[in-house]
Amino acid sequence: MKTISRMIIILLVATLIGGLFYSAVSAGSSSTSQTSISERPTGDFPQPDGDRDEGEISFPAESIKSLAIISIVCAVYLNVVKKFAVKKPTLKPIL
Amino acid sequence: MSKQNLTKLFLDLGAFIALLIVSAPRFTGAAIHEWLAIALSGAIVVHLLLNWNWIVEISSRLFSKSAKNSRFGYFLNWGLFASGIMIMLSGLMISETVVPFFGLSLPQDMSWKSLHELSTNITMILMGLHVALHWNWITNMFKKLLAPRPQVVAPAFTIHRKDA
């Protein structure tokens, strides 16, 4: 029961944030009045680079890119924190 | 290592791998991309439930001195949550598989596609910071998991009964 109520809270918060985003984007796009996909002319357009044909195994470059972004941000943060961390004074033993 | 920590570690590891797979829709195809993203959002809900005590604790004493070190992580996690919702929402708006599967059709707008890409990039940066904040926990868990367990040695003495 406790878990279900927590799940409901998470979903409610997610719905609230999603609703705010949706209304913000809808308001923004209606003011700029962009052309929707359904209104665009259809035809044979060349496939963008990276799209693959059926049965062809492609390299997961996007995954590698995501992993690289996460790794670089993580490494930079850890190094910055290490550099600016306040060192606690250590007590020297009295001889 | 406690059972809950082990569950957290494997759930987070699985979610991280799923995130990397989901971030390559050209490699997986639209169907796997969308359904795996739905599953990943379920895993994130479980992740939040497992860390519920921390969320409640920091929320209750957010502006006190004792929560000074956790404040950055707290707001970062809110940002990550919001950007994750933005990815899901924009992804559903441009869905090719999941939304039509339920017999629904949504008005298509090109702005959702650019928002989907933007929120993905923001999420990757925030995810890097999230991993960095928990780096010590992650490395400690792996050290404990991979460290050889001490063997229990049987006592090297025998008990002799006096009357034997």
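Overview of the structure. Because the structure is a prediction, the values reported are computed rather than measured.

Helix and strand counts for chain B come out as eight helices and zero strands. Reading the helices (α) and strands (β) of chain B from amino to carboxyl end gives α-α-α-α-α-α-α-α. For chain B, whose C-alpha radius of gyration is 23 Å, the value lies well above the compact-globule estimate of 15 Å for 164 residues. Here the C-alpha coordinates of chain B stretch approximately 90 × 45 × 25 Å along the principal axes. Counting over 164 residues, chain B shows a buried share of 22%.

Turning our eyes to something else, we now look at helix 1 (residues 3-22) of chain B. Along its 20 residues, helix 1 of chain B runs 28 Å from first to last C-alpha, staying within 8% of the 28 Å computed at 1.5 Å per residue. Among the residues making up helix 1 of chain B, those that are buried are Leu 19, Ile 21 and Val 22 of chain B. Summarising the axial view, the buried residues of helix 1 of chain B lie within an arc of 155°, below the 170-degree limit, and thus occupy one face. Summarising the geometry of helix 1 of chain B, the exposed residues directed more than 90 degrees from the buried face are Phe 10 and Ile 17 of chain B. In the core, the buried residues of helix 1 of chain B are packed alongside helix 2 (61-84) of chain A together with helix 2 (25-28) and helix 3 (30-50) of chain B.

As a further point, take the interface of chain B and chain A. Opposite the 28 residues of chain B that make contact, chain A presents 31 residues. Where the side of chain B that touches chain A is concerned, the elements lending two or more residues are helix 1, helix 2, helix 3, helix 5 (68-93) and helix 7 (110-133) of chain B. Tallying contributions element by element places helix 7 of chain B first for the side of chain B that touches chain A, with 10 residues. Its residues placed into classes, the side of chain B that touches chain A shows 22 nonpolar, four polar and two charged.

Close contact between helix 2 of chain A and helix 7 of chain B brings their axes to 7 Å; oriented N to C, the two are set at 45°. Accordingly, the angle class assigned to the pair helix 2 of chain A and helix 7 of chain B is oblique. When the axes of helix 2 of chain A and helix 7 of chain B are compared, the crossing they make is right-handed. Contact with helix 2 of chain A, carried on its side by Ser 66, Ile 69, Ile 70, Ile 72, Val 73, Cys 74, Tyr 77 and Leu 78 of chain A, involves Met 124, Ile 125, Met 127, Gly 128, Leu 129, Val 131 and Ala 132 of chain B of helix 7 of chain B and no other residues of that element.

What counts, and at which threshold
Residues numbered from 1 in each chain as written. Chains lettered and ligands numbered in written order. Predicted model: local features only at pLDDT ≥ 70, side-chain atom pairs only at ≥ 80, totals over all residues. Helix = DSSP H or I, 4+ residues; strand = E, 2+ residues; numbered from the N terminus. Rg over C-alpha atoms; globule rule 2.2 N^0.38 Å. Buried ≥ 20, exposed ≤ 12 C-beta atoms within 10 Å, placed from the backbone. Expected span 1.5 Å × (residues − 1). Arc of directions from axis to C-beta. Contact = placed C-beta atoms within 7 Å. Nonpolar A, V, L, I, M, F, W, Y, C, P; charged D, E, K, R; others polar. Axes fitted to C-alpha atoms, helices over the stretch in contact; angles between N-to-C directions. Parallel < 35°, antiparallel > 145°, perpendicular 65-115°, else oblique. Left-handed = near helix turned anticlockwise from the far one by under 90°.

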